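Take a look at the letters that make up each chain.
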Amino acid sequence: MAEKHVVIDVGDGAALPRKRDRGLFNAWWIALIGALSIITYLCITRPDPYWRVLKFLPDGILVTFQVTILSILLALVLGLFTGLGRISKNRVINLIASTYVEVVRGIPLLVQLFYIYFALGQVFANLPDSNALFIFLKNMPPLVAAVIAMGICYGAYMGEVFRAGIESIDHGQTEAARSLGFSRTQTMFYVILPQAWRTILPPVGNEFIALLKDSSLVSILAVSDILRRGREFASVTFNYFETYTMVALVYLVITLLLSKVVSTMEERLNYYERR
Amino acid sequence: MSAAEKIISIHNASKFFGSLKALYNVSLDIHTGEKVVIIGPSGSGKSTLLRSINRLETIDQGTITVDGKNIDAPGSDINALRMEMGMVFQSFNLFPHKTVLENLTMAPIKLKKIPRGQAEEQAMALLKKVGIEEKSGVYPVQLSGGQKQRVAIARALAMSPKIMLFDEPTSALDPEMIGEVLDVMVTLAKEGMTMAVVTHEMGFAREVADRIVFMDQGEILEIGTPEHFFERPEHPRLKKFLSQIL
Ligand SMILES: Nc1ncnc2c1ncn2[C@@H]1O[C@H](COP(=O)(O)OP(=O)(O)O)[C@@H](O)[C@H]1O
Ligand SMILES: [Mg+2]
C-alpha cells in the first residue's frame, strides 16, 4: 500500500495544547492562568476603569461569537463544495473552485470586507425596490456583510482543508464502497467524509480560532464586537491603555479556552483507532 | 456447465495505461455457479481484468456484459450492477470508522433499504458463517489480518451478490492466517457461489477451480481444468510460471 503523507497547512490559529508537547502544554497553562490573574488583579486594585471596561464588553463578546460562528458555518459549506470541486474530475467545476481559492487568497481580508460592504453596497444602493432580495441588499446590515465576507474568505482556506482531508483517505475505501454499489455521492458522505473529519477537524478548529481573531476587523464596519465596544468605551473615557489592555486579555482568554475545546474534540475523534 | 447461463461475458476487452497493454483482447465467459481461478505473474493484468468486471477500471475496447447487461452502455446503472457483484480486495478495505457489524449492515440498509433489525440479523448469520461473530462489536483496527479478510468477505456477501470477485485475498496475510480465509472461500464455493478468484494459492486452485485462466502481459494465454493445468500445461510461459511457483 502506498504510504500517505498528509500535511495540512495550519494557519495562524492559536497553539493547540497537547499533552505530548510539554512545552506548549505548559505555555497554555501559564498564559491562561497569567491572563486570568492579571484580569482579576486589575479589576480588584483599579475597578475604575478596569472593571467598568470588563462590564462593558460582554455584549461585544456575544457579537464576536455571532459573527465567528455564522462565518465559520458559511465557510464550512463553501469549503466543502470548494474541496469537492478541487478534486473533481470535471474540468469546469475544478477550474471554478481553484479560481475562487486563488482569487480569495490573493486579496487581504480587510479589502474583501470593504469590497462587500462599501463597494458592492454602492452598487446595491442603486437597485430598484422591485423584490425582497433587492430591498435586503440595499439595506444590508453590516453584520451580514461581515459574515458574507469572512465566510467567503475562510471558505477558500477551508476548501484546501477539506481537499487535504478527503485526499488523506486511502483510495481503497472509495473502491470498497463503490464495489458495494454506493454512488459517488453516497461514498463521499457515508465513507470518506466521516473518516476525513479526523484530518479536517483540527485545522477547522484552528481556522475557527483564527477567524475569531480576524473578526475584530469587522469593528470597522460598525459591528459592535469586542474591539468595537472597547473603542466606544475608550473614545468616551480616553482610557486607551486600560481599555485595550482589557480587550487584548479578553481575546487571549477566549482563544486559549477555544484551543482547549478543539484539542479535546480532536482526541475524541480518534475513538476507532484505539485498540 | 454448458447448460448454465453466462453471468459474465467478456469479449475482446483491452485496457491501456498509456502505451502499456494492461489487457489485450481478453475474452472470457463465466457461467452461473462456476469457479474461475486466474493466475499469472505480477503485472500480468489479473487485477485489471477483475476490476474491469465491476468497472472500477473502464476498458478501452471490447465489451463486458454482466447478467446480460453491457456495463459500459450509456444507460446502464453501474451501481445496481455492482450490487450483484461482491468484491474482496487484497488490502481488505474495511471501513475503519464502523464496527464489524456496521461494516456488514451499512450497504444493505442504505442501498437495499433493508430494516436495521433484519440487516443485523443477516449480518450476524454471516459473521457466524465466517467464524467471527464474537467480534461483531469491535472496530476493524482490533482484528488480525485473517479476521479482517473474513469480515470483508462477509461484508460483500451481505449484499447477496450473484458473483464474488476475489483479488489476491490472501496475499497480504501472514502465512498462518491464509488457511482460515481459504476455508471460508472453499465453503462458499461448495455452496454454489459463482466465483472469480485471482490467487497464487495453487492448492486452492486445484481443489476449487472449474477452470483456471493463465494471464501474461495482459493476455489470456491458456484456459483449462486444474487437471489440464497441472498435468499437461501447454504454453511455454505457463510451464515456466508453474515451475517457478510450485
Ligand atoms: N492505474 C494504473 N496506472 C498505470 N498503470 C497501471 C495502473 N493499474 C495497473 N497498471 C499496470 O497495468 C499492468 C497490469 O496490472 P495489474 O492488473 O494490477 O496486474 P496484476 O494484478 O496481474 O499484478 C501492470 O503493468 C501495472 O503496472
Ligand atoms: Mg493484482
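Higher on the page you've got the structure.
As the structure is a prediction and not an experimental result, all values here were calculated from the model.

Engineer: Give me a nonpolar patch on the surface: which residues, what numbers.
Structural biologist: The grouping of Leu110(A), Phe114(A), Phe118(A) and Ile220(A) at the surface amounts to a nonpolar patch, some 330 Å² of accessible area in total. For Phe118(A), the location among the structural elements is in helix H5 (residues 109-125).

Engineer: Explain the pattern of salt bridges residue by residue, including any values.
Structural biologist: Residues and elements named next belong to chain A. Enumeration over the complete set of coordinates arrives at 21 salt bridges over all chains. A salt bridge links Glu160 to Arg163; its shortest N-O distance comes to 3.0 Å. Of the two residues, Glu160 and Arg163 are both situated in helix H7 (residues 142-167); the distance of 3 residues between them amounts to about one turn of the helix. With a relative accessible area of 22%, Arg163 lands in the partly exposed category.

Engineer: Residue-level account of the interface of chain A and chain B, with values.
Structural biologist: Listed per partner, the contact involves 22 residues of chain A and 26 residues of chain B. Counting each side, the surface lost to burial between chain A and chain B is near 2,100 Å², with a carbon and sulfur contribution of 63%. It is Ser179(A), Leu180(A) and Tyr272(A) in chain A that bury the most area against chain B; as a group they hold 28% of the surface buried on that side. At the boundary of chain A with chain B, the tally comes to 1 salt bridge. Linking Arg51(B) and Glu175(A) is a salt bridge whose minimum nitrogen-to-oxygen distance equals 2.6 Å. Taken together, chain A and chain B are joined by 5 residue pairs in polar contact (both at pLDDT 80 or more). Going through the elements one at a time, helix H8 (171-180) and helix H9 (184-214) of chain A are the ones with two or more residues in the side of chain A that touches chain B.

Engineer: Tell me what's going on with the site of ligand 1, and back it up with residues and numbers.
Structural biologist: All names here are of chain B. Every residue near ligand 1 is listed here: Phe17, Leu20, Ala22, Pro41, Ser42, Gly43, Ser44, Gly45, Lys46, Ser47 and Thr48. At 2.7 Å, a side-chain N or O of Ser47 approaches an oxygen atom of ligand 1. A distance of 2.5 Å separates an oxygen atom of ligand 1 from a polar atom in the side chain of Thr48. When the free accessible area of ligand 1 is taken as 560 Å², the share hidden by the protein chains comes to 60%. Listing elements by their share of the shell around ligand 1, those giving two or more residues are strand E2 (20-31) and helix H1 (46-53). Of the residues forming the shell around ligand 1, the biggest block, 3 residues, is contributed by H1.

Analysis parameters
Each chain has its residues counted from 1, running along the sequence as written. Key to labels: chains lettered from A, ligands numbered from 1, both in the order written. Only residues with pLDDT of at least 70 are given local features in this predicted model, and only at 80 or more are side-chain atom pairs given and counted; all residues enter the totals for whole chains, interfaces and linings. Excluding hydrogens and water, the side-chain figures rest on all heavy atoms present in the structure. The patches reported here contain residues having more than 30% relative accessible area and no salt bridge. Joining distances are 9 Å for like charges and 5 Å for nonpolar side chains (Val, Leu, Ile, Met, Phe, Trp, Tyr). Residue-level accessible areas treat just the shown protein chains as cover; the underlying method is Shrake-Rupley with a 1.4 Å probe. Throughout this description, the term salt bridge denotes a Lys or Arg side-chain nitrogen within 4 Å of a carboxyl oxygen of Asp or Glu. A run of H or I in DSSP counts as a helix once it spans at least four residues, and a run of E counts as a strand once it spans at least two, with each numbered from the N terminus. To sort residues, take the accessible area from a 1.4 Å probe on protein chains only and compare it with the maximum for the residue type: under 20% means buried, over 50% means exposed, and anything in between is partly exposed. Residues count as neighbours in contact if any of their non-hydrogen atoms are within 4.5 Å of one another. Defined in terms of a 1.4 Å probe, buried area is the accessible area two parts forfeit on being brought together, summed over both. Whenever a nitrogen or oxygen atom comes within 3.5 Å of another N or O atom, the pair is scored as a polar contact, on the condition that within protein one atom can donate a hydrogen and the other can accept it, and that pairs from neighbouring residues in sequence are kept only if both atoms are in side chains. Any residue with a non-hydrogen atom lying within 4 Å of a molecule or strand is treated as near it.

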